[in-house]
Amino acid sequence: MRGPLVVKRALSEPLLLLAAFGSILLATTTLVALTMYASSIADAGVRRTMETASYRQTAATVSAPVTAETFPKFDRSVRAEFARAYTRPPAVTTSFRSDSYVMPGQDAHERPELLRFGSYDGLDRHARLVSGSWPHAGGDRVEAAISLSAASATGFKAGQEFTTKGRLDPRPVTVRIVGVFQLNDPFGERWAGEQLLSRGVERGEFTTYGPLMVARETFVARFATSVNATWTAVPDLRTLTPAQLRPLAGAIDQLGARLKADGCGSCVAASRLPEILTQLDTASLVARSTMLIPVLQLLLLAAYALMLTARLLADHRRMEVALLRSRGAGTVRLAALAGGEALLVAVPCAVVAPFLGPPLLALVNLLPWIRASGVRLAPSADLGTFLVSFGVALAAAVLLVLPALAGARRTYVEEQAARGRGGRGLIERAGADLALLVVAGLAIWQLQRYGAPVTATTAGGLGIDPLIISGPALALLTGGMLGLRLVPRVSKLAERVTSRRPALAPALGAWQVSRRPLKYAGPALLLTMAIAIGIVSMATASTWRASQADQARHQAGADLRLSGPPDGPELGALGRGTAFTALPGVTAYSPGFRGQSEVSGESALLLGLDAGKLGELFHLRADLSAQPVGELSRALVGDLAGKLDLPGQPSALTLRAEADGDLPLRLVLSDALGVWRDVSLGVLRKGENRIDVDLRALAGRTGKITYPLSLRGLVAGAPQSPASLTLTGLSADGREVATPPVSMKVTRPAAAGLAPLPKPGPLPVVLTADLAASLKLAVGQVGAASIDRRVLQVKVVGVVDSMPTTPAGQKAVLADWATLQTYELAAGQLPRPATEWWLAAADTAPAVKALQTRPEWDVTALDQRRLAAELRDDPLASGLQGALMLGFAAALVFATLGFLVNATVAARERMGEFAILRALGVSPRQMFGVLAVEQAFVIGLSLVAGTGLAVVVGVLVVPHIVLTGQASAVTPGVVLDIPWAATAAMLALVAAVLLAIVAGLARRLRGQHGQLVEER
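Within any chain, residue numbers begin from 1 and follow the written order of that chain's sequence. Reporting of local features is limited, given that this is a predicted model, to residues whose pLDDT is at least 70; pairs of side-chain atoms are given and counted only at 80 or more, and all residues count toward the totals for whole chains, interfaces and linings. Side-chain numbers come from the whole structure's heavy atoms, not from hydrogens or water.

### A short note on the pattern of salt bridges
Filter applied, for reference: Salt bridges are defined as contacts in which a side-chain nitrogen from Lys or Arg sits within 4 Å of a carboxyl oxygen from Asp or Glu. Secondary structure counts use DSSP, requiring at least four H or I residues in a row for a helix and at least two E residues in a row for a strand, with both numbered from the N terminus. Buried means the residue's accessible area, taken with a 1.4 Å probe over protein chains only, is under 20% of the maximum for its type, while exposed means over 50%, and partly exposed covers the values in between.
Applying the stated criterion to the full structure yields 27 salt bridges. Arg258 is the salt-bridge partner of Glu81, the closest N and O atoms lying 2.7 Å from each other. Within this pair, whereas Glu81 is found in helix H4 (residues 71–85), its partner Arg258 is found in helix H9 (residues 255–261), the two being separated by 177 residues in sequence. Assessed through its relative accessible area of 15%, Arg258 is described here as buried. Residues Arg690 and Asp692 are paired through a salt bridge, measuring 3.8 Å at the closest nitrogen-oxygen approach. In this structure Arg690 comes out as exposed when scored by relative accessible area, which is 59%. Residues participating in the shared-partner salt-bridge network are Asp75, Arg79, Asp121 and Arg216.

And the structure:
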């Protein structure tokens, strides 16, 4: 009997039960989808990070000195420990470098040139043969292959034989060169510790060539004389899951200790992987925790929507329940009826939701940032999703039952007395909204303090802080509840205003709302929270996208930033700029110096750029400085050194100088691109000196100089005793060049200009705010500062919160390139080299592509657009956006469904009132006006309150949940971006849909009234 009674009872209120079914189905499906989404995003983020991790980030190395006797044992031990540490055995390569051997024919030289031998497992997979073949083990002669660069430097060719001796091992070794090879990526990270192999030659106290690569068996047998061996493990981490991150990091961290315990006391293990895995685990945890924010918001909204529906259902059945009570039905019986009805609705939702989650995620796959990241969300229902689904459905069933139980003890008379009773709501009367305000404020304060919803646990690990996670949801609920206090006040104000006007509909509508404000407070709160969630979601997504662009611009500093050694054999100091500025698409450029310096005892980044090009190159966000970039550009230019331009395009220069003692001397010159370079003129001897300078060497083998060249000055080093110098003549390609009289008396490092050298005033600089505070200098002030232990006067022309190219908290100084060089020259210092080139280009792709074809230029390119794409495509960073969009869509559906049900029920309850009004002569249009005023009050108040609440929550919360893919704070700081155009469109669409619902209800009521008239 109970089953049929439950079904009959449920069918008696089909509209409300259908609304409850829709709310529960929407809640369970969306929350199951969000659970699947969070798990999928975490897995995808870890997988993508591991797939894109560089060789240097993932490789682990073990090095130890070995001999032919100890190597086999160490080799077995190292390989076994590598296999033990990783979830899947990694690829392990072994490399060796021998002691020094003397170049053939130089045995009797005091400082001979040297050779080294080496071995690298699988070298043929990372290099191609230019000629000959790869070496094999065995035979009387040692077979060796040599790199193309080393072959060019030594003159060795395939087929050549020679004999060499070791400096520590006098036994002769007969070598046969069997092949010449070229590394596929000579400047890649794999060869970062193999400079000799990638370059072929090292010049220092001794010049060393090689290494001559031999088979591993040959090396162990012939050259393993307590030399260093390196084992490198390169794991395949593409299948790594978030749960495996910390265990793997711990296993690799223990690698060195386990090897020592196994007898390899000299083994040294090194890897950056544990740090990266730990950081990735934290980032994965933070990503999952931030995705809980929309989940909790949606849970709160769904709970309130269900409670609203349950309250309506309970209100409709209050008299029925009271009659059942009067006829002997007990609380247990009534609870069983309500519970059975709730389960009748909730259980089908729990079963269906896990199967609806994957199709819903397929729609998320269509989002641009999800598609761009390469993440494909295709999860399937499993035990976890069913547990989530049934948990949510059962919680929803409980919410449906509670209002029915609350009224189960009232008698029929009490219910009659309670009907229509107005006044304040229970929550407002109890002050619960104010208590929630305190809790929400505490949660948001903690979020702002810790910067993420993850905090340290008592066990020393990391965990999700439930208070911080719930902060945004509590703030939305609290704000909405505080907004409820406005309903009776605004409705009474509206009643007073409309009562003075002759129109009937506004007056009746406003009077109805003011008479029963709690009837409209529920839908208003639901709509307010939904609108606020929607706007906050859009603001978070927009802020995140803007932040990724800001981060990329800040990290790159310019559209394209090139870094590398300031000089090289292929492109010299005066050849690099010519090549870089000729790259396709480049519209502006500046050489630059970027390096760590000591500024008055503080570690700071010193940045020197052409101040005149800052407006075109320098990516400084406007809010980071009180002065615009154009103003900083003009203020940074200080006193500049004069120059002596050389006529034509000379390839050689001859200086004649007379000295009265030994004096080390260098010449400082610059090209048309603004690159300064010093050239050693050697040590001048007493009397007349003639020094020839090969200018072509300054450009490198394939580089070209951008003319005209200009002479800046002479820099003399500290002599052993005071000496004087007089420049007596200068010629370029044999043509005399008129020079001003130049003479100097030198007792310590000093400089003399070949053109007027000004006595510079204070150096104009731009400082970061923390460095300015440390130096106690403000904009416009002049003070002393020590830069690289040299005290000079500086003038602060600007202060920035964060300097482009610097991480968070990094102090920095920006100066004009030419002005900085002038100060160095005036102080007798050598010019700073151009360690970087900053380039502007509308499209950087052609320039980057051209650089990729010239690996011999030895340059690293940082492309702002590519960096922005990488930041946007990081699943761990972008995952929150998909969750927000899911929550946003569900919130709007909840609001629309709740409004529809409440409006329909309210209109149905007042059929009698409308019939009386029609009998009194109220027209259908006026009837619609009354209904429209009532519901427009709810709609308008909700839209305004929801927008205001979203702005407040957005300001307090959004900047603190936008993090990097490594779960760290964003630099530069996040700036809230509310897309007002999209927000207005969303508000207009919601208002249109809700007003259309009202119009449909009015039309339905009109039709029902017509039917009643006909029946009578």
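Next comes the rest of the account.
### Remarks on the environment of Ala153
Residue placement: Ala153 occurs in helix H5 (residues 148–154). Taking C-alpha positions, Ala153 is 7.6 Å from Tyr209, a pair spaced 56 residues apart along the chain.

### Some points on helix H28 (residues 864–872)
Here is the rule: As used here, the arc is the angular range of directions from the helix axis to the C-beta atoms. Here a polar contact is recorded for every N or O atom pair within 3.5 Å, except that within protein the pair must consist of a potential hydrogen donor and a potential acceptor, and residues adjacent in sequence are included only if both atoms are side-chain atoms.
Taken together, the buried positions of H28 are occupied by Gln864, Leu867, Ala868 and Leu871. All buried residues of H28 fall inside an arc of 100 degrees around its axis, so they share one side. For H28, the N-terminal cap is Asp863; the gap from its side-chain oxygen to the backbone nitrogen of Arg865 is 3.2 Å.

### A short note on a nonpolar patch on the surface
What counts, and what does not: Patch definition: residues with relative accessible area over 30% and no salt bridge; like charges joined within 9 Å; nonpolar side chains (Val, Leu, Ile, Met, Phe, Trp, Tyr) joined within 5 Å. For accessible areas, the Shrake-Rupley method is used with a probe of radius 1.4 Å. Any residue's cover is judged against the shown protein chains and nothing else.
Where nonpolar side chains cluster on the molecular surface, the patch consists of Leu343, Val347, Val351, Val352, Phe355, Leu356, Phe390 and Leu394 and spans about 640 Å² of accessible area. Among the elements of the structure, helix H12 (331–364) and helix H14 (383–406) are those that each provide at least two residues to the nonpolar patch. Considering the arrangement of structural elements, one finds Phe390 in helix H14. Residue Phe390 is classed as partly exposed on the basis of its relative accessible area, which comes to 33%.

### Details of the pairing of strand S29 (residues 790–800)
Spelled out, the test is: Any two strands are treated as partners once DSSP identifies two or more bridges connecting them.
The pairing of strand S27 (residues 763–768) with S29 spans six bridges and is parallel. Note on S29: the bridge partner recorded for Val765 is Val796. Here six bridges tie strand S28 (residues 782–787) to S29, and the two strands are oriented antiparallel to one another. Paired with Ala784 across the strands is Gln793, a residue of S29. Adjacent in sequence and paired antiparallel, S28 and S29 are bridged by two residues, among which Asp788 carries a positive phi angle near 55 degrees.

### Description of the packing of aromatic side chains
What counts, and what does not: Pairs were defined over the aromatic rings of Phe, Tyr and Trp, the Trp ring being its six-membered one, requiring ring centres within 6.5 Å. Orientation was assigned from the angle between planes: stacked under 30 degrees, edge-to-face over 60, tilted for the rest. Note on geometry: a ring has a charge over it if NZ (lysine) or CZ (arginine) is within 6 Å of the ring centre and within 35 degrees of the ring normal.
Counting across every chain of the model gives 15 aromatic pairs. Consider the rings of Tyr101 and Phe223, whose centres lie 5.7 Å apart with planes at 80 degrees: the pair is edge-to-face. Of the two residues, Tyr101 is situated in strand S2 (residues 91–102) and Phe223 in the loop between helix H7 (216–222) and strand S10 (225–234); the sequence distance between them amounts to 122 residues. In this structure an aromatic cluster arises from ring pairing among Phe71, Phe96, Tyr101, Phe117, Phe219, Phe223 and Trp231. Seen from the ring of Tyr589, Lys613 lies directly overhead, with NZ or CZ sitting 4.2 Å from the centre. Note that Arg832 overlies the ring of Phe593, its terminal NZ or CZ placed 5.0 Å from the centroid.

### Concerning the nonpolar core
Heads up, the rule is: Nonpolar core, defined: a set of buried Ala, Val, Leu, Ile, Met, Phe, Trp, Tyr and Cys residues in which side-chain atoms within 4.5 Å join the residues together. Two residues form a contact once any of their heavy atoms are found within 4.5 Å.
Counting 140 residues, the largest nonpolar core has Phe82, Tyr86, Leu212, Trp231, Leu277, Phe899 and Met986 as the members making the most contacts within it. Setting aside chain neighbours within four positions, we find Phe899 in contact with Leu527, Gln935, Val938, Ile939, Leu994, Ile997 and Val998. Residues Ala699, Val715, Leu725 and Ala834 belong to the second largest nonpolar core, which totals 79 residues.

### Section: helix H8 (residues 245–253)
Here H8 has its buried residues at Leu245, Leu248, Ala249, Ala251 and Ile252. Seen along its axis, H8 keeps its buried residues to an arc of 165 degrees; they face one direction. Seen from the buried face of H8, the exposed residues on the opposite side, beyond 90 degrees, are Pro247 and Asp253.

### Structural notes on the side chain of Arg576
Under the convention used in this document: A residue counts as positive if it is Lys or Arg and as negative if it is Asp or Glu; His and the chain ends are not included.
By the element assignment, Arg576 lies in helix H22 (residues 576–581). Despite its burial, Arg576 remains without a salt bridge, the nearest opposite charge being carried by Asp858 at 6.2 Å. Look past the residues within four positions of Arg576 in its chain and what remains in contact with it is Gly564, Pro565, Pro566, Asp567, Leu571, Trp837, Trp857, Asp858 and Val859.

### Focus on the pairing of strand S3 (residues 114–120)
Of all the seven residues making up S3, six are buried; the element is thus mostly covered by neighbouring parts of the structure. Bridging between S2 and S3 involves six bridges; their strand directions are antiparallel. Residue pairing in the sheet places Phe96 in a bridge with Ser119 of S3.

### Concerning the confidence of the model for the protein chain
The condition that has to hold: For every residue, the predictor states its confidence as a pLDDT score lying anywhere from 0 to 100.
Mean pLDDT over the protein chain stands at 81; residues scoring 70 or higher make up 82%. Note on residues 420–430: pLDDT under 50 across the span, and nine contacts to partners over four residues away in sequence or across chains. Confidence drops under pLDDT 50 across residues 1011–1016; counting only partners more than four residues distant or on other chains, this segment forms one contact.

### Considering the environment of Pro172
If you trace the backbone, Pro172 turns up in strand S7 (residues 172–183). Considered as a pair, Pro172 and Tyr101 are 71 residues apart in the sequence and their alpha carbons are 9.7 Å apart. Beyond its immediate sequence surroundings of up to four residues, Pro172 is in contact with Thr163, Thr164 and Lys165.

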